[in-house]
Amino acid sequence: MELRPTDFASFFRAVHGCDPFPWQQALVDRLANDDVWPDVLDLPTGTGKTAALDAAVFHLALRSDAPAKAAVRIAFVVDRRLVVDDAYNRAKKIALKLECAFETDLKGDGTIREVARRLQGLAGKNTRPLVARRLRGGAPLEHDWARTPTQPTILCSTVDQVGSRLLFRGYGVSDRMKPVHAGLLGVHSLVLLDEAHLSEPFRQTLDAVQKIGGGKFRVTVLTATPGARAERPLSLTPGDRAHIELKKRLEARKRTALRQPIRGGDQAVAKAFADEARVMADRLCKQGITPAAVGVVVNRVALARSVFEALKGDGTAEAILMIGRSRSVERGTIVEKLTRFRTGAEARAEAEPLFVIATQCLEVGVDLDLDGLVTQAASLDALRQRFGRLNRAGRLDAAEGAILTRAGDVAKKAHDPVYGDRIRLTWEALHEIAQDGVVDFGVEALPNRLKEAGIDVDSLAAERSDAPVVMPAYLDLWSQTSPRPAVDPEVALFLHGSERMAAGVSIVWRSDISETDFEDGGGNKLKELIRLVPPRTAEAIEVPLWSARAWLRGAKDRVAEISDAPEPDAEAHEASPTQGRGRQAFLWAGTDDPRTGVIDLADLRTGDVLIVPSKYGGCDTFGWKPHSENPVRDVADEAAKPYRGRRCTVRIARDTARSDAQWERVLAILAAEGVDGTELVEQLIEGLPAEASEENTNGSSILRDVREPLEALQRAKGQIDVHCPYGRQGGAVLVAERGIKDAPDSNIAVPATEDDVASHTSSSPVRLNDHGCHVADLAEHFARTLGLEDLADDLRLAAYLHDAGKADPRFQTMLSGGDHWNRPDGPPLAKGGRSWSPSAWANAGLPEGWRHEALSVRMARVHPRLAEAHDPALVLWLIGSHHGQGRPFFNFVDPMPERPVPCLEVEDWQILPNQAGPQSLAFDFNGADWPSIFENLKRRYGIWGLAYMEAILRLADHRASEMENTSDETHKS
């Protein structure tokens, strides 16, 4: 059926059950007219800005035959660590509705089905019409959003995560995958920057990347205070102001009392906030507003915890704590308790009274409708965001608020690390417009009153720092990912400004490791253990780099004084920020990364993922608690549940059992000879407790329930491998590499160009010629779908030849286990059907660090099809960089190369002995060495354009390998 802009209302109703606001339809009409996004959506809080996601999805459906005119990837970005992310929830809802519409024969209006059909046509067969993902602190191999370049995707994330990926320095992303993430975000994407006044430096950097770096993405700011003159704004229409629902929200009264400044120490301040919240809740109850939800928002994590402690045992209402620095797997309880207090929630009357104590994480991303609000003084823009959660739907005649402040924060020379002097200036301005100590914080009432008083609103907003000037040389340096240059500009400066280093490190707690594990030659055994059960972002907490260092050094007096907003780096003014060794940590950067291992505090850098023993303490159910010495609950198994379909692992460690007797029973089961993995699983299920226990034996280990994952292992597709890095007495890790039968996403394999083992192993052997054809078909399909007709043939050729170097006889020997005598005859293989071991590599005679893609480049040079290429240098580059290495240098020497065996239509590879490969400085192709080819191609296609083409080929390789790893033989034809 034909899809028209006027169909947006029907689509919107099918997803959300209501009509769009007038401005939302106006946005779709503008996009349909000229395919140009407004540079600013100038809309007050509470007017549904996240519906920009619906508009972007519908626009892509309108342009499904020419997706370059729209955005295949939509990134909703906010500069806060969110506990409740309503933009992500909205994205998931849209994705689910589209998936259901595509799979079922809906009656009535077929608009949503048509949208789903068009998007699924882009995504490809056996895929979802739309994928919604949330990017948090990164962890290597955790990037399933980056599956194909044509998959319509909504990403909800932070400035740190999206910005670092765009600039080729993705936090927690391995160096190999950095170009893929940069390419996907830098081309055919849309960045919706929510509350952009919080992230002005990032907006400036995005602008520079577009102007001087050739980034082909769109940027739209979502805010009521853009901080810069808009050229193409979109604001509320007269129809919006007359709309019955919006009219209530815009005119809702929010009477807010300005309390006397608090004098005294931290305990006095926490008590004042708690007392104010209690009195307010009681007053609301007497007015018949019950159950009442009262929010308490403060500027520091430490104060939030103190107020929470004062209120949680109050007895009059339940209390929950919201801090952004918390683990995703533990946020479900908080989200559930907030459900009945969402805007428009029907079951509100059935809820219990609630205190919500929070940091700045409540300012954005949370669609709460509070009855009362107690907040710490802050800049005006921050206060307006907080009061946007009060009486959000206009339910009450006059909601109640109160602003409290420390006396020192409004003193004449007060300067806050986050808000500078804006707390004092805002406090003074509010007193100027107050009537009997009360200010109406209504959406329209407050700005009108400030305008009447002649007060400049911008002068009261948090100071917007500027990003350093982005020089072309910086972009060139960032584009070098293998190896990273010695001079490497710190990307955090360009995301938050030179004074606000918000980026940090992610910390993961594991109960099956101890400090003694760090002593094993730099953690070699521990490396193997973590490889089997890699960290997931859902089990990590991101903290500032300086805070992590101070915590590991034991400087507990400083680590808690952090906020959930970007603030200056506390180490910048210290003479010796890393003085003292402190406790050790294990850095995980991926299996093949040389940095993986025990890390010295001085060597930590932003984006690192640290793994520490649970006994270190530092975290509880609500998040970062650096003063706590209680063992931290290990949540690795819970975090891995969403991924269990593609690779199921179960850890059997001392804390699995509830008692010494049970552990002895487990060890006896593990020690039994002649028992395969399947039998071992059955015996462990019989020998372990049926239910989880939260007992804490002698204050040490916290027990984990492994029955459910063990039962999942029984549904494994293939054999179950048993790994014991520390010997049988040290427990075991049971692995079903091929996932679980009938599980969601059960065929998703480890990216083949990310992990070398995945690059040359599969469930069954795969011929080199067949693999080349599979990847070539997908790469060409991706390119033509995206409108890259001029480059489709070159991408196909590069994909066809990318693994040619595996025809080296030594590599073929390695695939057979390193046994020269048992190397099979017949066509060469791209992937073997057996497990790989390091000894096979050495026995085959392959040099350390040898890269098959370098040989592929040499072979491609003499392949007869290269002469037909539109851009031969591009073909060679895509072949040489298809594992993310050689950008722009390789690091190996091959003193005794062998002639490749026949493959890919060539019976005798006429490679000259003196023809150097790209790993050599003597490499010469039409007068250019390998680094020069890199520079030439960046100038020709743009830095991000080149990375995008690399991503197309590499993702085609991933998906082809994934299909080859299934049991469906049709994928191998």
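Provided above is the structure to which this section pertains.
How each quantity is defined
- Residues numbered from 1 in each chain as written.
- Predicted model: local features only at pLDDT ≥ 70, side-chain atom pairs only at ≥ 80, totals over all residues.
- Heavy atoms only, no water.
- Core = buried A, V, L, I, M, F, W, Y, C linked by side-chain atoms within 4.5 Å.
- Buried < 20%, exposed > 50% of the residue type's maximum accessible area, 1.4 Å probe, protein only.
- Helix = DSSP H or I, 4+ residues; strand = E, 2+ residues; numbered from the N terminus.
- Contact = heavy atoms within 4.5 Å.
- Pairing = 2+ DSSP bridges.
- Axes fitted to C-alpha atoms, helices over the stretch in contact; angles between N-to-C directions.
- Expected span 1.5 Å × (residues − 1).
- Arc of directions from axis to C-beta.
- Phe/Tyr/Trp six-rings, centres within 6.5 Å; stacked < 30°, edge-to-face > 60°.
- Lys NZ or Arg CZ within 6 Å of the ring centre and 35° of its normal.
- Salt bridge = Lys/Arg side-chain N within 4 Å of Asp/Glu carboxyl O.

**Here's the deal with the nonpolar core**
In summary, soluble globular proteins display a tendency toward joint burial of nonpolar side chains. Counting 157 residues, the largest nonpolar core has F11, L98 and W944 as its most contacted members. The greatest single-element share of this core, amounting to twelve residues, is contributed by helix α34 (residues 943-964). Contact partners of W944, with chain neighbours within four places excluded, come to L166, L167, F168, A182, G183, G186, V187, V209, G213, G215 and L475. Counting residues in each nonpolar core, the second largest holds 112 residues, with L383, L396, A402 and W588 among its members.

**Some details on the sheet that holds strand β16 (residues 540-544)**
Adjacent strands of a sheet pair through backbone hydrogen bonds, lying either parallel or antiparallel. Spatial ordering of the open sheet is given by β16-β15-β19-β17-β18, a layout of five strands whose pairing is mixed. Every interior strand has two partners, whereas the edge strands, β16 and β18 (597-599), have only one. Averaged over all neighbouring strand pairs, the angle between strand axes comes to 40°, with direction disregarded.

**Re the pairing of strand β26 (residues 732-736)**
Counting buried residues in β26 gives five out of five residues, a clear majority hidden from the surface. By the alternation rule, side chains of β26 split into A732, L734 and A736 and V733 and V735, which are all buried. With five bridges joining them, strand β22 (residues 648-652) and β26 adopt antiparallel strand pairing. Residue R651 lies in a different strand from β26, and its bridge partner there is V733. As defined by bridge partners, strand β25 (residues 721-723) adjoins β26 across three bridges and the pair is classed as antiparallel. When the bridges of β26 are listed, D721 appears paired with V735.

**Examining helix α33 (residues 930-941)**
With twelve residues, α33 ought to run about 16 Å at 1.5 Å a step, and its terminal C-alpha atoms sit 17 Å apart, in line with that. Among all positions in α33, only W930, P931, I933, F934, L937, K938 and Y941 are buried. For α33, the angular spread of buried residues about the axis comes to 155°, placing them on one side. Within two residues after α33, G942 carries a phi angle of roughly 90°, on the positive side.

**Brief notes about the packing of aromatic side chains**
As enumerated under the stated definition, the model contains 20 aromatic pairs in all. Seen from their ring centres, Y474 and W478 are 6.3 Å apart, and the 50° between their planes marks the pair as tilted. With Y474 and W478 both in helix α17 (residues 472-479) and four residues apart, the pair spans about one turn of that helix. Residue classification places Y474 among the partly exposed residues on the basis of a relative accessible area of 27%. Using a relative accessible area of 1% as the deciding quantity, one classes W478 as buried. Here R583 stacks its cationic end above the ring of W551, 4.9 Å away from the centre of that ring.

**What about the pattern of salt bridges?**
Applying the stated rule across the entire model yields 61 salt bridges. The residue D266 makes a salt bridge to R406 at a minimum N-O spacing of 3.4 Å. Separated by 140 residues along the polypeptide, D266 in helix α11 (residues 266-286) and R406 in the loop between β13 (399-404) and α15 (422-433) bring together distant segments of the chain. In this structure, a network of salt bridges that share partners links the residues D777, E780, R784, E789, D793 and R796.

This is a description of form; function is not addressed.
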